[in-house]
Amino acid sequence: MKPFFIAALICGFGSVTASGQWQQQAVKSDADFRGLCAVSPDVAWASGTKGNVARTTDGGKTWAVGTVPGADTLDFRDVEAFGADTAYLLSAGPGEDSRIYKTTDGGKTWKLQFKNAEPKAFFDAVAFWDERHGIALSDPAAGKFLLIATDDGGATWTPLPEKSRPAAMTNEGCFAASGTCLVTRGENDVWFCTGGAKAARVFRSADRGKSWEVSETPLLAGVESGGVFSIAFRDRDHGVIVGGDYRKPDATEATAAVTADGGKMWKPIEKPLPFRSGVAWAKDRWVAVGTSGSDVSSDGATWKPLDREKYNSVAFTPTGDGWAVGPKGRVAKFVRTDE
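Residues numbered from 1 in each chain as written. Predicted model: local features only at pLDDT ≥ 70, side-chain atom pairs only at ≥ 80, totals over all residues. Heavy atoms only, no water.

Asker: Which residues make up the nonpolar core, and what values do they have?
Answerer: For soluble globular proteins, nonpolar side chains are generally found buried alongside one another. In terms of nonpolar packing, the biggest core is built from 27 residues, with Leu-137, Leu-182, Phe-192, Ile-231 and Ile-241 touching the most fellow members. Here this core takes four residues from strand 15 (residues 189-193), the largest share from any one element. Among all residues touching Leu-182, those that are not within four sequence positions of it are Ala-125, Val-126, Ala-127, Ile-135, Ala-136, Leu-137, Val-190, Trp-191 and Phe-192. Within the second largest apolar cluster, 14 residues are counted, among which are Trp-45, Val-53, Ala-81 and Ala-87. (Core = buried A, V, L, I, M, F, W, Y, C linked by side-chain atoms within 4.5 Å. Buried < 20%, exposed > 50% of the residue type's maximum accessible area, 1.4 Å probe, protein only. Helix = DSSP H or I, 4+ residues; strand = E, 2+ residues; numbered from the N terminus. Contact = heavy atoms within 4.5 Å.)

Asker: An account of the pattern of salt bridges is requested, with residue identities and associated values reported.
Answerer: Taken as a whole, this structure holds 15 salt bridges when the rule is applied. Between Arg-234 and Asp-235 there is a salt bridge, and its shortest N-O distance comes to 2.9 Å. Three or more residues are tied together by salt bridges with common partners; here these are Asp-284, Arg-285, Arg-336 and Asp-338. (Salt bridge = Lys/Arg side-chain N within 4 Å of Asp/Glu carboxyl O.)

Asker: Describe the sheet that holds strand 18 (residues 226-233), listing the residues and the values that go with them.
Answerer: Spatial strand order, 18-19-20-21: four strands in an open sheet with antiparallel pairing. The outermost strands of the open sheet, each flanked by one partner alone, are strand 18 and strand 21 (267-268). Here two bridges tie strand 20 (residues 256-259) to strand 21, and the two strands are oriented antiparallel to one another. Note that in strand 21 the partner of Ala-257 across the bridge is Pro-268. (Pairing = 2+ DSSP bridges.)

Asker: Explain the layout of surface pockets to me, and be specific about the residues and the numbers.
Answerer: A probe matching the size of a water molecule, rolled over the atoms, marks out where space remains unfilled. Of the volumes computed, that of the largest pocket is approximately 970 Å³. Forming the boundary of the largest pocket are 32 residues, of which Ala-38, Glu-80, Val-183, Thr-184 and Phe-316 lie nearest the centre. Of all elements in the fold, only strand 2 (33-38), strand 6 (76-82), strand 10 (123-128), strand 14 (182-185), strand 18, strand 22 (278-281) and strand 26 (313-316) reach the threshold of two or more residues within the lining of the largest pocket. Here the residues of the lining of the largest pocket are counted per class, giving 22 nonpolar, six polar and four charged. (1 Å grid on protein atoms, 1.4 Å probe; cavity = no way out; pocket = protein on both sides within 12 Å on 5 of 7 lines; lining within 4 Å. Points joined across faces, edges and corners; volume = space filled by probe spheres on them. Nonpolar A, V, L, I, M, F, W, Y, C, P; charged D, E, K, R; others polar.)

Spatial relationships are all this shows, so hold off on functional conclusions.
What follows is the structure in structure tokens.
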């Protein structure tokens, strides 16, 4: 989205006591990081402003930082990786500033795979079902959300057919705040979340974007800077959305909700969080982050504060290893304190 560029429902979420803390990591970069991908306990990638991309292959003990050649003015809002060597970067911006790059040698070289040619498009995020099949999301163009897909590892990116492009409401768009407004799961499922319009919504597809269903959510709506910023799922049914108004980072009005039916219905949490731009499932708990701090939850409905540092995005591996990233090169690793 362009303005951001500058009791039945919760059953089954789990009941373990969730606790942890962040361990700040040394990264030689002053970029604002928003893209993040936790691949394994050893490997993670981060991306951000000034064409910066960072990678660790030793669990965060050291981070290598580089700049994609010819992209030092771009803002990489999302990164998706498959191991230490293969990764995709998506830059968000108007027109040709929206691009997708790929590396297969750990970031030594990057190949430009896609450069947006639609003047009204503004790409927000990219996600993959597997190494060959992926999808990328743009704000609406001509009244419909623009989505492109690949089935050959990014060698070609093709717009979804006109009939597969869901219609947008007036002023509706997606927030390129953390690379998590678009998520995939399993072999065919995909969701994306929106804001800026009279309702904050979640779109869902069970056939890789060929057809879509949409649900309104109880999150903040009716303002350009408010809505759903991030969506995550523990399994196909149980998920959490977070957001609010990024211009009011401490406000707690309608900032989070849970689902137990794959996103058809959303129930607001009883004790709201401050604005949060990223949420992730961490093996046995949820973690949410934003510019006013971070929180942890065992059930998605009740949350415990972790800290008050500024973060933009959070990501975890299936084994529960995770990181958060934020402004001025901030990278932190999640350390569990209840094990």
